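Here is how the chains run, residue by residue.
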Amino acid sequence: MKEESLLVKAGRKFKDYKGSMNPPVYHSSTILFPTYKDYLNAANGKSIYDVLNDGVARDYSYGSVGTPTVHYLSNALAEIEGRGQALICPSGLFALTFAILTFTKVGSHVLIQDNSYYRLKRFAENELPKRGVKVTFYDPTQDITDLVQSNTSLIMIETPGSITFEISNVEHIVKVAKERGIVTVCDNSWATPLLFKPLDYGIDVALYAVTKYLAGHSDLLMGAIIAEGEIFKLLYESYKNYGVTIQSHDCYLAHRGLRTLHTRMKRHQNTAMEVAKWLEKHSKIKKVLYPALPSHPQHELWKSYFKGASGTFSIALDREYSCEELSCMVDHMKIFSIGASWGGCDSLILPIDRRSMSRSVMNSDYGGSFIRICCGLEDSEDLIFDLNDALKRLSCLDFQNDEVGHETERITA
Ligand SMILES: *Cc1c(COP(=O)(O)O)cnc(C)c1O
């Protein structure tokens with residue numbers, strides 16, 4: 001079956017739903033069994049109820065390991081990934097922190113990209129030292145061989161990286177990890193399994209902020225972890241120990257989002273490409289950081305790994321602008337809204353606070369203020385008009401600032 005068709009069908013079993021096209025939203029803390037033996041068997045993966053896909057035996061004895069609605073979604077995600085099994089988490093961030101807690105112990109060392117999602121960086125800086133885990137932040141475009149230590153148990157990958165959108169040197173990282181028995185986890189939220197499949201490159205765990213493109217409608221927070229064999233078993237044991245749960249209704253919505261994923265991703269890419277090309281020619285913009293543009297520093301590497309690009313990228317302005325100046329640009333836009341996150345239907349814009357930026361950004365020579373742009377499903381010409389007006393407001397500010405300056409002088413005088 002082609003991927004487009006699979007996305008529409010994945011994880012759904014209408015015969016289980018008495019013919020209803022959509023899965024029911026089960027509200028249940030408890031699973032009931034006709035006999036005590038049935039209950040005991042369920043914990044060992046021998047359930048009388050057929051809700052989980054084959055593979056590693058999964059516990060289906062209590063609601064804390066998921067209602068059928070949760071499993072319909074996890075089955076769908078594993079089908080789309082093309083291998084392994086999926087675990088659903090309450091947020092993308094939790095999926096990241098949970099993976100780290102699973103593959104580290106006191107005395108472990110972890111490598112995390114220096115351009116990684118900033119809340120992951122914050123977790124690594126604030127929480128891991130309390131647990132006796134050491135971290136090195138690495139540049140994913142450089143040789144990492146010398147950064148690995150005898151106690152390195154995990155390498156976190158995120159490609160492209162947040163904000164600066166470098167493409168990680170995945171094959172090199174995986175080679176180094178495999179030679180030393182180090183687990184690799186790849187945050188693949190930007191590409192989704194449609195554009196990049198981490199497990200096919202030897203990465204052990206594919207991880208998603210389902211919140212973003214997979215669910216796709218900005219109406220829920222969710223994460224997913226997909227792995228195979230022994231690695232999945234380790235994750236699954238931790239998962240049960242930590243009591244990770246997720247609500248059925250959110251899983252229903254995320255599952256529904258998958259059906260349009262292909263259509264949305266294609267549109268996001270086309271729109272983002274038009275917008276990015278237009279921005280690239282604008283005098284106020286020093287650099288457009290979109291891997292699908294030939295001007296992107298790792299464009300060739302991107303082409304070798306990815307089947308396409310999503311609709312989220314950054315721009316570096318021609319100089320550093322103040323908070324007031326950036327507000328003047330992005331406040332009151334007609335289509336773009338100001339907000340964190342990305343991957344939904346609505347276009348979003350967000351100036352990036354330097355303090356939440358990574359080392360490689362600080363070392364980069366782009367110079368100007370960074371703004372993240374997420375192109376939604378609106379018309380690309382409308383988006384360009386909106387950005388054009390916003391950038392004009394940035395240009396007339398130099399003049400306004402002068403006026404404000406005189407005003408202040410007068411007041412203080
Ligand atoms: C948003 C994001 C996350 C976190 O997802 P939430 O569901 O919002 O917690 C993780 N990784 C990346 C790359 C993200 O952009």
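Preceding this section is the structure that the text describes.
Residues numbered from 1 in each chain as written. Predicted model: local features only at pLDDT ≥ 70, side-chain atom pairs only at ≥ 80, totals over all residues. Heavy atoms only, no water.

Engineer: Can you walk me through the overall build of the chain in this structure?
Structural biologist: Within the chain, the regular secondary structure consists of 15 helices and 12 strands. At 23 Å, the chain has a C-alpha radius of gyration in line with the 22 Å of a compact globule built from 413 residues. In terms of overall dimensions, the chain has a C-alpha envelope of 85 × 55 × 45 Å along the principal axes. Taken across its 413 residues, the chain has 54% of its residues classed as buried. (Helix = DSSP H or I, 4+ residues; strand = E, 2+ residues; numbered from the N terminus. Rg over C-alpha atoms; globule rule 2.2 N^0.38 Å. Buried < 20%, exposed > 50% of the residue type's maximum accessible area, 1.4 Å probe, protein only.)

Engineer: Hey, could you run me through helix 6 (residues 170-180) in this one?
Structural biologist: Residues spaced three or four apart along an α-helix face the same direction, because each turn holds 3.6 residues. Among the residues making up helix 6, those that are buried are Val170, His172, Ile173, Val174, Val176 and Ala177. Looking one or two residues past helix 6, Gly181 carries a phi angle of roughly 65°, positive in sign.

Engineer: Got a minute to help me understand the site of the ligand in this structure?
Structural biologist: Every one of the 13 residues lining the ligand counts as a neighbour, but Gly92, Leu93, Asp187, Thr211 and Lys212 are closest to it. Between the ligand and the protein, one listed contact pairs an oxygen atom with a backbone N or O atom of Gly92 at 2.7 Å. Contact between the ligand and Lys212: an oxygen atom at 2.6 Å from a side-chain N or O atom of the residue. Against a free-state accessible area of 380 Å², the protein chains account for coverage of 92% of the ligand. Here the shell around the ligand is built from residues that sort into seven nonpolar, three polar and three charged. (Near = heavy atom within 4 Å. Polar contact = N/O pair within 3.5 Å; in protein donor to acceptor, adjacent residues only side chain to side chain. Areas by Shrake-Rupley, 256 points an atom, 1.4 Å probe, with all protein chains shown as cover. Nonpolar A, V, L, I, M, F, W, Y, C, P; charged D, E, K, R; others polar.)

Engineer: Teacher, can you tell me more about the packing of helix 12 (residues 323-330) against helix 14 (residues 380-395) here?
Structural biologist: Geometry of a packed helix pair, given as the angle between the helix axes and the separation of the axes. Between helix 12 and helix 14, the least distance of the axes is 7 Å, while the angle of their chain directions is 145°. Between helix 12 and helix 14 lies a crossing of right-handed hand. Between helix 12 and helix 14, the residues in contact are Glu325, Cys328 and Met329 and Ala390, Leu391, Arg393 and Leu394, respectively. For the contact of helix 12 with helix 14, a count of residues per class yields five nonpolar, no polar and two charged. (Axes fitted to C-alpha atoms, helices over the stretch in contact; angles between N-to-C directions. Left-handed = near helix turned anticlockwise from the far one by under 90°. Contact = heavy atoms within 4.5 Å.)

Engineer: Is there a simple way to think about the environment of Asp331 in this case?
Structural biologist: As for its placement among the helices and strands, Asp331 is situated in the loop between helix 12 and strand 10 (337-338). Relative accessible area serves as the criterion here: at 28%, Asp331 is assigned to the partly exposed category. Beyond its immediate chain neighbours, meaning those up to four positions away, Asp331 contacts Ile338 and Arg393.

Engineer: Before we go on, may I ask you to explain the pattern of salt bridges in this structure?
Structural biologist: Pairing between side chains of opposite charge can happen when the charged atoms of each approach one another. All told, the structure shown has 15 salt bridges when counted by the stated rule. Residue Glu3 pairs with Lys307 through a salt bridge whose shortest N-O separation is 3.6 Å. Taken together, the positions of Glu3 in helix 1 (residues 3-9) and Lys307 in the loop between helix 11 (299-305) and strand 9 (312-317) put the pair 304 residues apart, joining distant regions of the chain. When its relative accessible area of 17% is taken as the criterion, Glu3 is described as buried. Lys307 gets classed as exposed once you look at its relative accessible area, which sits at 65%. Of the charged contacts, one joins Glu325 and Arg319 as a salt bridge, the two residues approaching to 3.1 Å between their closest N and O atoms. (Salt bridge = Lys/Arg side-chain N within 4 Å of Asp/Glu carboxyl O.)

Engineer: I would appreciate a short explanation of the state of the cysteines in the present structure.
Structural biologist: Working definition of a disulfide: a covalent bond connecting the sulfur atoms of two cysteines. Inspection of every chain in the model, using the stated rule, returns zero disulfides. Cys374 provides the cysteine sulfur closest to Cys345, a residue in no disulfide bond, and the two sulfurs are 9.7 Å apart. Take Cys374: it sits in no disulfide, and the sulfur closest to it among the cysteines is that of Cys375, at 6.9 Å. (Disulfide = S-S within 2.5 Å.)

Engineer: I would appreciate a short explanation of the packing of aromatic side chains in the present structure.
Structural biologist: Working definition: an aromatic ring pair is given by the centre-to-centre distance plus the angle between the planes. Overall, the coordinates contain 18 aromatic pairs when judged by the stated rule. Considering the side-chain rings of Tyr17 and Tyr72, the 5.0 Å spacing of their centres and the 65° angle between planes classify their relative orientation as edge-to-face. Here Tyr72 lies in helix 3 (residues 68-81) and Tyr17 lies in the loop between helix 1 and helix 2 (36-43), a separation of 55 residues in the sequence. Tyr72 matches Tyr17 in its accessibility class, with the two residues each being buried. Connected via pairs of aromatic rings, a cluster forms that spans Phe165, Trp190, Phe196, Tyr201, Tyr305 and Phe306. (Phe/Tyr/Trp six-rings, centres within 6.5 Å; stacked < 30°, edge-to-face > 60°.)

Take it as geometry only, folks, not as evidence of what the structure does.
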